[in-house]
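Secondary and tertiary structure notes
Single-letter residue listing:
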Amino acid sequence: MPYQFTFDLSKAPHLFFAEIARVSYQKGMHKTLLNTLQDIIKNCRIQEATGLNIADAVVLLQDFIDLQAVNLMERRKFMKAEKRALLLPHCSRKYMDNRCQAQFDASLPSYTCAHCSEDCLVNKADHLAKKKGYDVYVVPGGSCISKILKSNQYEGVVGVACGEEVKLGVDTLSNMNVAVQTVPLIKNGCANTAFNIETLANTL
Ligand code: SF4
Ligand code: SF4
């Protein structure tokens, strides 16, 4: 499910992401989390950088914090996982029309990047992950996860998607006892979306 609003955090200050990490460590202990979220949004000028209203910015920030908390909780189990996969969202491809040369396998369903564009985020992520021994799938939606996992016994999965979509994926993977790490999109919109490649490299 996409968000009911669009966002682009690519111009948000680094402080914003540092604050997410800080609050994630304190999650559950903080009695005034909503006030804290509103303070972060104000101090990091997220409304000015993105045009989001405060309610949408709080939803987004809450999801970032929840996912960071999942990453922290799952990290140890994930580090022990030997067979790993990276799931990338099809919306981060440079092209979503037939200029994208990726091969589509309808049985999974998933795309395999054909490396037609060096500056394509999916291409960069594919290279990074394959160097580390990951299998890589570029998926059209979260419902493909169970099919991929049923055909392959992965012990650990890194999922990249917008917050709402990746949260559904976390539920599916947890039910299958697969260790999960998440990288939420910093720009949504279901086309020309973006994730932070350095965050992905650190997560892998
Ligand atoms: S680099 Fe890969 S994912 Fe990107 S447009 Fe080309 S084939 Fe598609
Ligand atoms: S932004 Fe991408 S990951 Fe999120 S719902 Fe749209 S297509 Fe799926």
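Provided above is the structure to which this section pertains.
The following refers to the structure shown. (Residues numbered from 1 in each chain as written. Chains lettered and ligands numbered in written order. Predicted model: local features only at pLDDT ≥ 70, side-chain atom pairs only at ≥ 80, totals over all residues. Heavy atoms only, no water.)

1. Things to note about the overall build of the protein chain
Scanning the protein chain from terminus to terminus reveals eight helices and six strands. Listing every helix and strand of the protein chain by position from the N terminus yields α-α-α-α-β-β-β-α-β-α-β-α-β-α. Taking 2.2 N^0.38 as the reference for a compact globule, 204 residues should give roughly 17 Å; the C-alpha atoms of the protein chain span a radius of gyration of 17 Å, in line with that estimate. By principal-axis analysis of the C-alpha atoms, the protein chain measures approximately 45 × 35 × 25 Å. Counting all 204 residues of the protein chain, 48% fall into the buried class. (Helix = DSSP H or I, 4+ residues; strand = E, 2+ residues; numbered from the N terminus. Rg over C-alpha atoms; globule rule 2.2 N^0.38 Å. Buried < 20%, exposed > 50% of the residue type's maximum accessible area, 1.4 Å probe, protein only.)

2. Points about the side chain of T203
Counting through the fold element by element, T203 comes out in helix α8 (residues 197–203). The contacts of T203, once residues within four sequence positions are left out, are R75, F78, Y134, V158, Q181 and V183. (Contact = heavy atoms within 4.5 Å.)

3. Here's the deal with the nonpolar core
The nonpolar side chains of a soluble globular protein tend to be buried with one another. Core analysis: the largest hydrophobic core is formed by 47 residues, its most contacted members being L9, F16, L86, L88, F195 and L200. Those elements that provide at least two residues to this core are α1 (14–26), α2 (33–43), α4 (54–80), β1 (84–89), α5 (121–131), β4 (135–139), β5 (156–161) and β6 (179–184). If we skip the residues at most four places from it in the chain, L88 touches V122, A125, D126, V136, Y137, V138, V139, V160 and F195. Core analysis: the second largest hydrophobic core is formed by 19 residues, L108, V139, C144 and V178 among them. (Core = buried A, V, L, I, M, F, W, Y, C linked by side-chain atoms within 4.5 Å.)

4. Things to note about the site of ligand 1
The local shell around ligand 1 consists of R93, C100, Q101, A102, C113, A114, H115, C116, S117, C120, V122 and N123. Here the residues of the shell around ligand 1 are counted per class, giving seven nonpolar, four polar and one charged. (Near = heavy atom within 4 Å. Nonpolar A, V, L, I, M, F, W, Y, C, P; charged D, E, K, R; others polar.)

5. As for the pattern of salt bridges
By the definition in use, this model includes five salt bridges. Across the salt bridge formed by E48 and R45, the nearest N and O atoms sit 3.7 Å from each other. You'll find E48 and R45 in the same group, each marked exposed. (Salt bridge = Lys/Arg side-chain N within 4 Å of Asp/Glu carboxyl O.)

6. Overview of the pairing of β6
Most of β6 is tucked away, with six of its six residues classed as buried. By the alternation rule, side chains of β6 split into A179, Q181 and V183 and V180, T182 and P184, which are all buried. In this structure, β5 lies alongside β6, joined through six bridges in parallel fashion. Note on β6: the bridge partner recorded for V160 is V183. For the segment spanning β5, helix α7 (residues 163–175) and β6, crossover handedness is right-handed. (Pairing = 2+ DSSP bridges. Right-handed = clockwise from strand over helix to strand, strands pointing away.)

7. Some words on the packing of aromatic side chains
Within the structure shown, the criterion is met by two aromatic pairs. Their ring planes at 50° and their centres at 4.7 Å tell us that F104 and Y111 sit as a pair that is tilted. On the basis of relative accessibility, which here comes to 19%, the residue Y111 falls in the buried class. Between Y137 and Y154 the ring centres are 6.1 Å apart and the planes differ by 75°, which places this aromatic pair in the edge-to-face class. Of the two residues, Y137 sits in strand β4 while Y154 sits in the loop between α6 (144–151) and β5, which places them 17 residues apart along the sequence. One Lys or Arg, K83, reaches over the ring of Y154 and ends 5.0 Å from the middle of that ring. (Phe/Tyr/Trp six-rings, centres within 6.5 Å; stacked < 30°, edge-to-face > 60°. Lys NZ or Arg CZ within 6 Å of the ring centre and 35° of its normal.)

8. Describing the side chain of Q181
Relative to the assigned elements, Q181 resides in strand β6. Assessed through its relative accessible area of 3%, Q181 is described here as buried. Contact partners of Q181, with chain neighbours within four places excluded, come to V70, N71, E74, R75, F78, V157, V158, G159 and T203.

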